[in-house]
Amino acid sequence: MNTNSSPTTRSKIGEPRPSKGQASRAAILQAATRLVTIKGLDGLSIGDLAAEIGMSKSGLYAHFKSKEELELATIATAAAIFDSEVLQPVSRTPAGIARLKALANSFLSHLERRVFPGGCFFAAVAAELDTHPGPARDRVVEVLNSWVSLLRQCILDAQTLGEIDPRAEVDQVVFEIQAMLLAANFLFVMTNDPLRLTQARRGVEDVLARVAVRAKSKKRQSARNRAAP
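Here is a short report on the structure shown in this document.

Conventions we followed
Residues numbered from 1 in each chain as written. Predicted model: local features only at pLDDT ≥ 70, side-chain atom pairs only at ≥ 80, totals over all residues. Heavy atoms only, no water. Helix = DSSP H or I, 4+ residues; strand = E, 2+ residues; numbered from the N terminus. Buried < 20%, exposed > 50% of the residue type's maximum accessible area, 1.4 Å probe, protein only. Contact = heavy atoms within 4.5 Å. Areas by Shrake-Rupley, 256 points an atom, 1.4 Å probe, with all protein chains shown as cover. Salt bridge = Lys/Arg side-chain N within 4 Å of Asp/Glu carboxyl O. Core = buried A, V, L, I, M, F, W, Y, C linked by side-chain atoms within 4.5 Å. Expected span 1.5 Å × (residues − 1). Axes fitted to C-alpha atoms, helices over the stretch in contact; angles between N-to-C directions. Parallel < 35°, antiparallel > 145°, perpendicular 65-115°, else oblique. Nonpolar A, V, L, I, M, F, W, Y, C, P; charged D, E, K, R; others polar.

## Details of the overall build of the protein chain
Looking only at helices and strands, the protein chain has 10 helices and 0 strands in total. Counted from the first residue to the last, the protein chain has its helices and strands arranged as α-α-α-α-α-α-α-α-α-α. Going through the 229 residues of the protein chain one by one, you find that 38% of them count as buried. Sequence-distant contacts, at least 24 apart, represent 66% of the contacts inside the protein chain between residues at least 6 apart. Working note: accessible area of the protein chain is about 12700 Å², and carbon and sulfur atoms make up 55% of it.

Encoded structure:
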């Protein structure tokens, strides 16, 4: 999929078109998000970016005062792309298990469509920055925490809706689902085999089936709700 059409470079109806400088900066950052998933943040260089988008090094230097500024702007752009490609498509899905499955499928779909050539941007960068404290790591941790919190809220909603056993350990379920998605990311990038994505989908289904409220339990709960004053 061509991420050049993402919201970071596309004007909304009624909004003024970006200036030439804004368009150039957006193009640089789009290229940077792709390169980072292949070469890492540490391997992100002005020379590589210049070659990728056909711009002079001096032109690139005009947009970013430091390597750190470039890294943080790249992470912000990747977060916007992830929101557009993974989160927004499922924003209207009903709460509970339906939304949780939709999020998992949307995540796997963005891998399959190669929104980033090296798989999930944040999985790649987290592996690189896990032992390197600093602003870039802090921002990546923030994005990952937000994703995990979203999965957790889906499970809590499913418990409230009577879809998941209220005795289920929410954090354990989140961990297992996240593990399925990250394993699929790593193996799909390594092998280019879509079976890994199918296995992840099946794994998520199995985890949810294990903690789902059984039909008899639902009937008992329904009867208790009707008997309640």
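## Here we look at the pattern of salt bridges
Following the criterion strictly, the structure yields 10 salt bridges and no others. Where Glu-52 meets Arg-34, a salt bridge forms, and the shortest distance between an N and an O atom there is 4.0 Å. A residue pair is termed long-range when its members are at least 10 positions apart, and Glu-52 in helix α2 (residues 46–53) and Arg-34 in helix α1 (residues 20–39) qualify at 18 residues. For Asp-171, the salt bridge identified is with Arg-152, shortest N-O distance 2.8 Å. Taken together, the positions of Asp-171 in helix α8 (residues 170–191) and Arg-152 in helix α7 (residues 135–160) put the pair 19 residues apart, joining distant regions of the chain.

## Observations concerning the nonpolar core
Counting residues in each nonpolar core, the largest one holds 61 residues, and the members touching the most others are Leu-49, Phe-107 and Phe-122. When contributions to this core are tallied by element, the ones reaching two or more residues are α1, α2, α4 (67–87), α5 (97–112), α6 (121–129), α7, α8 and α9 (195–211).

## Overview of unusual backbone geometry
Of note, Arg-114 is a non-glycine position whose phi angle comes to about 55 degrees, a positive value. The topology assignment puts Arg-114 in the loop between α5 and α6. When its relative accessible area of 36% is taken as the criterion, Arg-114 is described as partly exposed. One non-glycine residue, Asn-192, lies in positive phi territory at about 60 degrees. Topologically, Asn-192 is positioned in the loop between α8 and α9.

## Let's talk about α5
When the terminal C-alpha atoms of α5 are compared, their 22 Å separation across 16 residues agrees well with the 22 Å that a helix rising 1.5 Å per residue should span. Taken together, the buried positions of α5 are Ile-97, Leu-100, Ala-102, Leu-103, Ala-104, Ser-106, Phe-107, Leu-108, His-110 and Leu-111.

## Topic: the packing of α4 against α5
For any two helices packed against each other, one specifies the crossing angle of their axes together with the interaxial distance. Between α4 and α5, whose axes approach to 8 Å, the crossing angle comes to 120 degrees. Relative to α5, α4 is oriented oblique. Between α4 and α5, the residues in contact are Phe-82, Glu-85, Val-86 and Leu-87 and Leu-103, Ser-106, Phe-107 and His-110, respectively. Residue composition of the contact of α4 with α5, grouped by class: 5 nonpolar, 2 polar and 1 charged.

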